[in-house]
Amino acid sequence: MAELLPPTPAETEVERRVRAWAEVQRARGKRVALVTSGGTQVPLEARAVRFLENFSSGRRGAASAERLVQAGYGVCFLHRARSVFPWARALPPYGSSLLDALRVEAGPAPRVTADVDAFPGLVPALQAYRRAKDEDALLPVEFSGLGEYLGLLRAAARALSPLGSSAMFYLAAAVSDFYIPASEMPEHKIQSVDGPLQITMKMVPKMLSPLVKEWAPEAFVISFKLETNPSILVDKARQALEKYRHQVVVANVLDSRRTSVMVVTRDSEMQLSLSDEELTQGVEIEEKIVSHLESRHTAFMEKQPLIRKKVI
Ligand code: PMT
């Protein structure tokens, strides 16, 4: 389902948990970012066998969450289950390369050891993860379906609202724009003997609107815009800023999203790109995106002295 229904007990519990965690971050003088990450799953049947999916891997969200933690933010990571996870992405994907790099040391209490050479980047990733964990700087919250995402976004946004302008919303998830209402969904598996499938889907309301107007009206809100046609990208970003009145759109094109983005505000446009040299050195575009947005967030907070005084 994609209509926003009254909060479920699970969403209320998430709101309580995020609020308590955010209070601790605030007491430590930290800013907080809510990072959304990964794609949503939309069922085609009530007892769902088939789903509508999208391409998002969650890498943008995961890499950005790592950078934000490094920059001193507490990060609430609202992510699609089994999508890319901060620091865990240093592990090879499930399969033979993972199994081949692990060894069992036999003995009365067998131990599993890893061949570190087979995991470039794993040691620093594990160290950074451990630091984040010890500092309670990462709060993961998981979703799968679209309805679940919408409810949890609302819960987390309400929980972060008391932080005012020191809360950043970094909406990198690729959220479905279409869904089938529960009342129009077949209960059982759609039968192929009935011939070719025709479905009509309804529009999912954009969550940016209640987020900016109601749930966290003082926060610094960044949405993402993905297009496949570069010629409409910046116009679409501008339209979103005009319509939802939030602060920043990070606009990207599907094929070049790992190397280049446009950061668009109501009065500016800035391209962030990786040079060939940076690419060979393994620099990630998220490093540039986060560093740029962190400065914009600081400037945003400085314009709101009363709220800022309460936080830092
Ligand atoms: O995960 P990766 O493979 O690394 O890819 C990263 C990314 C390309 C998914 C990411 O960089 C990105 O662009 N995410 C936004 C994708 C998108 O299609 O957005 P949109 O144009 O559908 O939506 C624009 C904004 O509105 C988004 O910030 C979204 O969170 C928000 N939205 C969308 C739908 C909806 N019902 N409510 C919303 O608020």
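Given the structure is predicted, the values throughout are model-derived calculations rather than measurements.

Some points on the site of the ligand
Part 1 of the argument: Close contacts around the ligand come from 24 residues, with Ser 56, Gly 58, Arg 60, Lys 225 and Asn 252 the closest.
Part 2 of the argument: One nitrogen or oxygen atom from the side chain of Ser 56 is found 2.6 Å from an oxygen atom belonging to the ligand.
Part 3 of the argument: Between the ligand and Phe 224, the relevant distance is 3.0 Å, taken from an oxygen atom to a main-chain nitrogen or oxygen of the residue.
Part 4 of the argument: Considering the ligand on its own, with 790 Å² of exposed area, one finds that the protein chains cover 96% of that surface.
Part 5 of the argument: Elements with a contribution of two residues or more to the shell around the ligand: α2 (59-70) and β11 (220-227).
Part 6 of the argument: At four residues, β11 tops the list of elements feeding residues into the shell around the ligand.
Part 7 of the argument: Residues belonging to the shell around the ligand are distributed by class as follows: 12 nonpolar, five polar and seven charged.

Considering the pairing of β11
Part 1 of the argument: Burial analysis of β11 places seven of its eight residues in the buried class, the great majority of the element.
Part 2 of the argument: Relative to β11, strand β8 (residues 167-171) is paired through four bridges, and the arrangement is parallel. From the neighbouring strand, Met 168 faces β11, where its bridge partner is Phe 220.
Part 3 of the argument: Both β11 and strand β12 (residues 248-253) contribute to a ladder of six bridges, which runs parallel. Opposite Phe 224, over in β12, you have Val 250 as the bridge partner.
Part 4 of the argument: As a crossover connection, the stretch from β11 through helix α7 (residues 233-244) into β12 is right-handed.

Some points on the sheet that holds strand β1 (residues 32-37)
Part 1 of the argument: A sheet is described by the order of its strands in space; here eight strands give the open sequence β7-β4-β1-β8-β11-β12-β13-β14, paired in mixed fashion. Only two strands of the sheet have a single partner each, and these edge strands are β7 (138-143) and β14 (268-273). Taken pair by pair, the neighbouring strands of this sheet meet at an average axis angle of 15°, ignoring direction.
Part 2 of the argument: Along the sheet, helix α6 (residues 208-215) contacts β8 and β11; its crossing angle with β11, the most-contacted strand, is approximately 175°.
Part 3 of the argument: The strands that helix α9 (residues 285-302) touches are β8, β11, β12, β13 (260-265) and β14; relative to β14, the one it contacts most, it runs at about 150°.

What counts as what
Residues numbered from 1 in each chain as written. Predicted model: local features only at pLDDT ≥ 70, side-chain atom pairs only at ≥ 80, totals over all residues. Heavy atoms only, no water. Near = heavy atom within 4 Å. Polar contact = N/O pair within 3.5 Å; in protein donor to acceptor, adjacent residues only side chain to side chain. Areas by Shrake-Rupley, 256 points an atom, 1.4 Å probe, with all protein chains shown as cover. Helix = DSSP H or I, 4+ residues; strand = E, 2+ residues; numbered from the N terminus. Nonpolar A, V, L, I, M, F, W, Y, C, P; charged D, E, K, R; others polar. Buried < 20%, exposed > 50% of the residue type's maximum accessible area, 1.4 Å probe, protein only. Pairing = 2+ DSSP bridges. Right-handed = clockwise from strand over helix to strand, strands pointing away. Axes fitted to C-alpha atoms, helices over the stretch in contact; angles between N-to-C directions. Contact = heavy atoms within 4.5 Å.

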